[in-house]
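Report on the structure
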Amino acid sequence: MKSKLKIGVALSGGGVRGISHLGVLKALNEIGIFPTKVSGTSAGAIAGAMYCQGYQPEEILKIIVETNFFRFMRPAISLKGILKMENVGDLFKIYLPHNDFAQLKTPLAVAATDISKGKVVYFDEGELIAPLMASSCIPGMFEPIVIGNKHLVDGGVLNNLPVEPLDGICDFVIGVNCNHLPEESNIRNMKKLIERAVIMSMNYNVYSRKAKCDYFIEAPGLGKFGVFDIKKAPELFQAGYDHTMKVIEENPSILDLANPSAKHLSV
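Residues numbered from 1 in each chain as written. Predicted model: local features only at pLDDT ≥ 70, side-chain atom pairs only at ≥ 80, totals over all residues. Heavy atoms only, no water.

1. With respect to helix α6 (residues 190-207)
- If you check α6, its first and last C-alpha atoms are 25 Å apart, about what 18 residues at 1.5 Å a residue would give, namely 26 Å.
- Elements that come into contact with the buried residues of α6 comprise β11 (215-217). (Helix = DSSP H or I, 4+ residues; strand = E, 2+ residues; numbered from the N terminus. Expected span 1.5 Å × (residues − 1). Contact = heavy atoms within 4.5 Å.)

2. Some thoughts on the pattern of salt bridges
- One pass over the full model with this rule turns up four salt bridges.
- Between R209 and E164 there is a salt bridge, with its nearest N and O atoms 2.9 Å apart. A residue pair is termed long-range when its members are at least 10 positions apart, and R209 in the loop between α6 and β11 and E164 in the loop between β9 (150-154) and β10 (172-176) qualify at 45 residues.
- Taking relative accessible area as the criterion, E164 reaches 29% and is therefore assigned partly exposed. (Salt bridge = Lys/Arg side-chain N within 4 Å of Asp/Glu carboxyl O. Buried < 20%, exposed > 50% of the residue type's maximum accessible area, 1.4 Å probe, protein only.)

3. Focus: the packing of aromatic side chains
- As enumerated under the stated definition, the model contains two aromatic pairs in all.
- Taken together, a centroid distance of 6.2 Å and an interplanar angle of 75° make the contact between Y55 and Y95 edge-to-face. Here Y55, found in the loop between α2 (43-53) and α3 (57-67), pairs with Y95, found in helix α4 (residues 86-95); they are 40 residues apart in sequence, far enough to count as distant.
- Look at Y95 and you get partly exposed, because its relative accessible area is 21%.
- Consider the rings of Y207 and F216, whose centres lie 6.3 Å apart with planes at 70°: the pair is edge-to-face.
- For Y207, a relative accessible area of 34% translates into the label partly exposed.
- Residue class for F216 comes out buried when judged on its relative accessible area of 17%. (Phe/Tyr/Trp six-rings, centres within 6.5 Å; stacked < 30°, edge-to-face > 60°.)

4. Digging into the pairing of β10
- Extensive coverage of β10 is indicated by the burial of five of its five residues.
- Of the two faces of β10, the one carrying F172, I174 and V176 and the one carrying V173 and G175 are both buried.
- In this structure, strand β1 (residues 7-11) lies alongside β10, joined through five bridges in parallel fashion. Each bridged residue has a counterpart across the sheet, and for I7 the counterpart in β10 is F172.
- Here three bridges tie β10 to β11, and the two strands are oriented parallel to one another. Note on β11: the bridge partner recorded for I174 is Y215.
- Handedness of the crossover joining β10 and β11 through α6: right-handed. (Pairing = 2+ DSSP bridges. Right-handed = clockwise from strand over helix to strand, strands pointing away.)

Right under this line is the structure:
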């Protein structure tokens, strides 16, 4: 039986590391926790949209591995980015054919960054696919997505853990970050240095929102995985699942979210 509590889940961006979110959702579902609203940035927005559509976490994993949506990207003839996302949009249309926030089985909010105004923009109604593309539009790699008069890029630039759309709406918020960095004492090349700096920047705006979460789930060491390393998908899924089960074991109060009759949660 699903809880009557309003439970929000915020999912961070992180490229292929976002597959770990699916393992987190599987673990939460197994103990009877089903979010009443999901918010996400970038990969978290994509995982969230598929989940809110009604696909099961393991089903989404299979879709991601079998389609490998990176092959749907094509070079862009533009000074604004090296790739275009139109073909990714075509892939989304296969699995989200209604293209409408209102048609999702669970409410969803998606974060993107208005690159012209330097502000976060949240979408939770109307057309679905364009905001999804905007939320995962990595600056410099993809051309910005234009919605109305807004030029939009990856939401993680300014907000990589969008708890704000859940604030004041949900009784409890669970934040999930997929970019934990292991300690590194010997960074030998420029590529590793830049990747680590980018992840640190992303995590800074995640951790600044950690206090807004009643529970925070962050599988250790996922930052070591490459942002496009799709071959690691099963490992990432399992890491999210295993760590969430560990969090549940260490924080048994989370079980009360699936049991609203508990005395200290009664109103």
